[in-house]
Amino acid sequence: MTEQGKTAEERAASIVDAMTLDEQISLTKSMSGGSLLDLGIPLPSFIPEAMRQPKPDGALGTAGFVPAVDRVGFPALHLGDASLGVADIGYLRPGQESTALPATLSLAATFDPAMAREAGRLIGAEAFAKGINVMLAGGVNLARELRNGRNFEYLGEDPLLAGVLVGEQIAGIQDRHVASTIKHFTLNPQESGRFVYDARIGEAALRESDLLAFEIGIKRGKPASIMCAYNKVNGAYACENEFLMRDVLKGDWQYSGWVMSDWGAVHSLKPSIDAGLDQQSPQDEDYFAGLPAAVKAGEIAPARVRDMALRIVRSMALVGALDHRAAPGGVIDREANSAKAQAMAEAGMVLLKNNGILPLASSAKSIAVIGRHADKGVPIGGGSSQVIPWGGVYRDAPGANPLSALLAPSYGLSSPLKALQAELPGTAISFDDGSDVARAAEAAKKADLVVIYAVKPEMEGIDHADFSLPYGQDAMIDAVASANRKTVVVLQTGNPVAMPWLGKVGAVLEAWFSGQRGGEAMAAILNGKSAPQGRLPISFPAGAEQLTQKAVVGYDPAKQRPLGIGVKYDPFPIDYVEGSDIGYRWFERTEAKPLFPFGYGLTYTRFDYGGLEFRGGKALSVKARITNSGDREGIEVAQLYVAPPGRTHRLAGWAKVSLKPGESREVTIEADPWLLLSYDEAGKNWGRPRGEYRFFVGKSAGEPMLTGSAVLTAATEDRKR
């Protein structure tokens, strides 16, 4: 309670009811909070008009801005891009820097809800200190398309893992009195044609997968807002989709926050508002400019406008943003936050292969470091989520004009080369950028050991045609490993990649986009100061032939442009024939063997499983004894997968445990009751049939260690809340 004992509901109602109709309407539309005009350069014709306008008075330079209603004490909304930190691609707030967190996919690889909560708190605290009170965070689109340029912003392919972690991240942001969204609602798993494609899927499959991730995230994190997507879902644009917003979100789930559109995602006024849209984000075609006239003509009821405004004000009250007002100039502990970012990066790195070469042998007197820009820094995911880290960036755009340079692949200035040199001061470490294959191979021959830092930049608006590494790196790795079998490959990617050279190298570490101190984090893992503990939140396929879509649907190499600005596609459908069997469930269904399965990850020690016990009936509970049988302390992530009768196995829970050498511990994993249910499309409800539920506890979706089956009683659940 605040303001003399009023609840958030009462307080919001008193504020909104004190507004005029025009003031209420003013909350239902945001404008751009920054301007490309600040660059002082000629702008290409494809730049949207909304980005050509001067920065509004009172705006801080953010993605969106809603002016304050000072008369009733309601603050301005400053909507900032997010998820990997307080984002800025470089033109909204020139010169402003923030702590760059690892890719959200790396956060998913930690399997650590507490770490996701801490990541959110860091983002929220820095946003608050900069005066930003709404963060466009909470990306939870499931990885249906493994070549999607935005997968690095999301949390992988599993609805339980993604939903739990995004909920904790959102809650962490809102712990700091900053509102958060959850996005992009929904079925927005690729960039090619994202403004026009029609994502087609059955209701049961949708509710058991993409919607389930949102449902778990909303229940757990209670986001202030939800952002609807660009694309169509089953024939209707997401931001005027009655089924998604009116029936599911505000109906079944009883969601009380506000629905905002993605930037440029609105296609109508009355149909959008009737379907449940509450706020139009910046776009050239301003449909909401017609709202006053529509109310006057009786086409939209004043009560609906009040509801739109109330949802916004109530949400800001609930997160404490009315009593704790964000303002620029707050204190940020850069050192402490950078250290947290490094710890998160280390926790998310996944060791994919190791023939004993890691940790780096102390006997190696010389190491050849090879890799594009490894002397400069670590790649940063591009697009609206890009963060300018403390210390700035190197932009891989030689000779480009200023605007192109802003949209080019960027590298945070945490040099892997320098970090490794600092960790191993007694070792002779040479460097080659890998651009000349013969030269790189010659450098490898002269060294005791080789570390290759491979990169594959990712950016909003750009998908990939395949899983190969760019810049000729696959051929370079092959040649280097042929010259020196003691080769470690460190992958800095935001997606799965092919590894045609896998059999030749000694070790592979997936480091993702590793953030503020990524170079230092990789060095800590490589030399054994820190032990790998990450697990894959996304399957690595052996090839595109294993996927439901052999190529990205609608992919056109000529239309892959940063942010998708100015790109025009003709509408096309995407049929998600896999239904809810995304990722590892599709591999099980088709009996295909991926290159690396979901949940996979090696450590510097060994873990044994035994002592299986379980209990069925009204719920499923599984116990297992985990033993560290190696000679190093390490962390195991024991994963429980359950198959309802006639269905594929689903991740239903996990236990993350740290064990010293020789130590054993009994872990109990309670199967999440939501994951035991299936949606009955005919009956429009969730149910669990009585029957035998097969399960296994394992190291990954492809490595069952303990198997069993339990009889569970029938159950139904009303998911309205």
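Presented here is a report on the structure given in the accompanying data block. (Residues numbered from 1 in each chain as written. Predicted model: local features only at pLDDT ≥ 70, side-chain atom pairs only at ≥ 80, totals over all residues. Heavy atoms only, no water.)

Along the chain, the position of Asp-70 falls in the loop between strand S2 (62-66) and strand S3 (77-81). Residue class for Asp-70 comes out exposed when judged on its relative accessible area of 68%. (Helix = DSSP H or I, 4+ residues; strand = E, 2+ residues; numbered from the N terminus. Buried < 20%, exposed > 50% of the residue type's maximum accessible area, 1.4 Å probe, protein only.)

The next subject is the environment of Ile-370. Its place among the elements puts Ile-370 in strand S12 (residues 366-370). Look at Ile-370 and you get buried, because its relative accessible area is 0%. Counting along the chain gives 81 residues from Ile-370 to Ala-289, while the straight-line C-alpha distance between them is 55 Å.

Attention shifts here to helix H4 (residues 113-129). Its 17 residues place the ends of H4 24 Å apart at the C-alpha level, agreeing with the 24 Å of an ideal helix rising 1.5 Å per residue. The complete set of buried residues in H4 reads Met-115, Ala-116, Ala-119, Gly-120, Leu-122, Ile-123, Gly-124, Glu-126, Ala-127 and Ala-129. Lining the buried residues of H4 we find helix H3 (104-109), strand S4 (134-136), helix H5 (159-175) and helix H12 (334-348). Two residues or fewer after H4 comes Gly-131, characterised by a positive phi angle close to 90°. (Expected span 1.5 Å × (residues − 1). Contact = heavy atoms within 4.5 Å.)

With that out of the way, let us pick up the state of the cysteines. What the rule picks out here adds up to one disulfide. Between the sulfur atoms of Cys-228 and its disulfide partner Cys-239 the distance amounts to 2.1 Å. Looking down the S-S bond of the Cys-228 and Cys-239 bridge, the torsion is 110°, so its handedness is right-handed. Of the two residues, Cys-228 is situated in strand S7 (residues 225-228) and Cys-239 in the loop between strand S9 (236-237) and helix H8 (242-252); the sequence distance between them amounts to eleven residues. On the basis of relative accessibility, which here comes to 0%, the residue Cys-228 falls in the buried class. Owing to a relative accessible area of 1%, Cys-239 belongs among the buried residues under this scheme. (Disulfide = S-S within 2.5 Å.)

An ideal rise of 1.5 Å per residue puts 24 Å on 17 residues; H5 measures up with 24 Å between its terminal C-alpha atoms. For H5, the tally of buried residues reaches 16 of 17 residues, placing the bulk of the element in the interior. The opening residue of H5, the one whose side-chain oxygen lies 3.0 Å from the backbone nitrogen of Leu-160, is Asp-158. His-177 occupies a position one or two residues after H5 and carries a positive phi of about 65°. (Polar contact = N/O pair within 3.5 Å; in protein donor to acceptor, adjacent residues only side chain to side chain.)

Evaluation of the coordinates by the stated rule reveals 41 salt bridges. Where Glu-460 meets Arg-150, a salt bridge forms, and the shortest distance between an N and an O atom there is 3.4 Å. Separated by 310 residues along the polypeptide, Glu-460 in the loop between strand S17 (449-456) and helix H16 (473-483) and Arg-150 in the loop between S4 and H5 bring together distant segments of the chain. Accessibility expressed as a relative area gives 2% for Arg-150, which makes it buried. With a closest N to O distance of 3.2 Å, Arg-311 and Asp-307 form a salt bridge. Of this pair, Arg-311 and Asp-307 both sit in helix H11 (residues 302-318), separated by four residues, roughly a single helical turn. With a relative accessible area of 24%, Asp-307 lands in the partly exposed category. Via salt bridges that share partners, Arg-117, Arg-121, Glu-168, Asp-175 and Arg-220 belong to a single interconnected network. (Salt bridge = Lys/Arg side-chain N within 4 Å of Asp/Glu carboxyl O.)

What follows is about the packing of aromatic side chains. Counted by the stated rule, this structure contains 17 aromatic pairs. When the centroid spacing of 5.1 Å and the interplanar angle of 70° are considered together, the rings of Phe-614 and Phe-695 count as edge-to-face. In this pair, Phe-614 sits in strand S21 (residues 607-615) while Phe-695 sits in strand S28 (residues 691-700), placing the two residues 81 residues apart along the sequence. A residue is classified by how much of its surface remains accessible, and Phe-614, at 41% relative accessible area, is partly exposed. Three or more aromatic residues joined by ring pairs make a cluster, and in this case those are Phe-111, Tyr-584, Phe-598, Tyr-641, Trp-654 and Phe-696. Over the ring of Tyr-576 we find Arg-144; its NZ or CZ atom is 5.1 Å from the centre of that ring. Lying over the aromatic face of Tyr-394, Lys-376 brings its terminal NZ or CZ to 5.2 Å of the ring centre. (Phe/Tyr/Trp six-rings, centres within 6.5 Å; stacked < 30°, edge-to-face > 60°. Lys NZ or Arg CZ within 6 Å of the ring centre and 35° of its normal.)

A sheet is described by the order of its strands in space; here seven strands give the open sequence S1-S2-S3-S4-S5-S7-S10, paired in mixed fashion. For this open sheet the edge positions go to strand S1 (31-33) and strand S10 (258-261), each flanked by a neighbour on one side alone. Each strand of the sheet is rotated relative to its neighbour by a mean of 30°, with strand direction disregarded. Sheet analysis places S3 next to S4, joined by three bridges and oriented parallel. Looking at S4, one finds that Gly-80 is bridged to Met-135. Against the sheet, helix H7 (residues 210-221) touches strand S5 (179-185) and S7, its axis set at about 170° to S5. Along the sheet, H11 contacts S3, S4, S5 and S10; its crossing angle with S10, the most-contacted strand, is approximately 110°. (Pairing = 2+ DSSP bridges. Axes fitted to C-alpha atoms, helices over the stretch in contact; angles between N-to-C directions.)

Moving on: the packing of helix H1 (residues 8-17) against H11. Where H1 contacts H11, the two axes come as close as 8 Å, and the packing angle between them is 135°. It follows that H1 is oblique to H11 by the angle criterion. H11 is crossed by H1, and the crossing has right-handed handedness. Within the contact between the two elements, H1 uses Ala-8, Glu-9, Ala-12, Ala-13, Ile-15, Val-16 and Asp-17 and H11 uses Arg-306, Ala-309, Leu-310, Val-313, Arg-314, Ala-317 and Leu-318. (Parallel < 35°, antiparallel > 145°, perpendicular 65-115°, else oblique. Left-handed = near helix turned anticlockwise from the far one by under 90°.)

Here we take up the pairing of S12. Across a regular strand the side chains alternate sides, sitting on one face of the sheet and then on the other. For S12, the buried fraction is high: five of the five residues fall into the buried class. Neither face of S12 is left uncovered, since the one carrying Ser-366, Ala-368 and Ile-370 and the one carrying Ile-367 and Val-369 both have all their residues buried. Taken together, the five bridges between S12 and strand S16 (residues 428-432) define a ladder with parallel strand orientation. Its bridge partner lying in S16, Ser-366 is registered against Ala-428. Two strands pair when backbone bridges link them, and S12 and S17 are joined in this way by four bridges, in the parallel orientation. Looking at S17, one finds that Ile-370 is bridged to Ile-452.

A negative phi angle is the norm for most residues apart from glycine, just as the trans form is the norm for most peptide bonds. The residue after Lys-183, namely His-184, is reached through a cis peptide bond having omega -10°. Following the sequence through the fold, His-184 ends up in strand S5. Unusually for a residue other than glycine, Phe-111 sits at a positive phi of about 50°. A positive phi angle is found at Leu-187, which is not glycine, with a value near 55°.

Moving on: the pairing of S7. Residues Ser-225 and Met-227 of S7 are buried on one face, and the alternating residues Ile-226 and Cys-228, pointing to the opposite face, are buried as well. Pairing analysis gives four bridges linking S7 to S10, with the strands arranged parallel. Across the sheet, Cys-228 pairs through a bridge with Ser-261, a residue of S10.

In this section: the side chain of Ser-385. By secondary structure assignment, the location of Ser-385 is in the loop between strand S13 (378-380) and strand S14 (393-395). Among all residues touching Ser-385, those that are not within four sequence positions of it are Ala-82, Leu-84, Ala-87, Phe-152 and Glu-153.

Of all hydrophobic cores here, the largest spans 143 residues; its most connected members are Phe-74 and Met-135. Contacts of Phe-74, omitting those with residues within four sequence positions, involve Ile-15, Met-19, Leu-27, Ala-68, Val-69, Ile-312, Val-313, Met-316, Leu-322 and Arg-325. Listed in part, the 35 residues of the second largest apolar core include Ala-109, Ala-447, Ala-454 and Phe-596. (Core = buried A, V, L, I, M, F, W, Y, C linked by side-chain atoms within 4.5 Å.)

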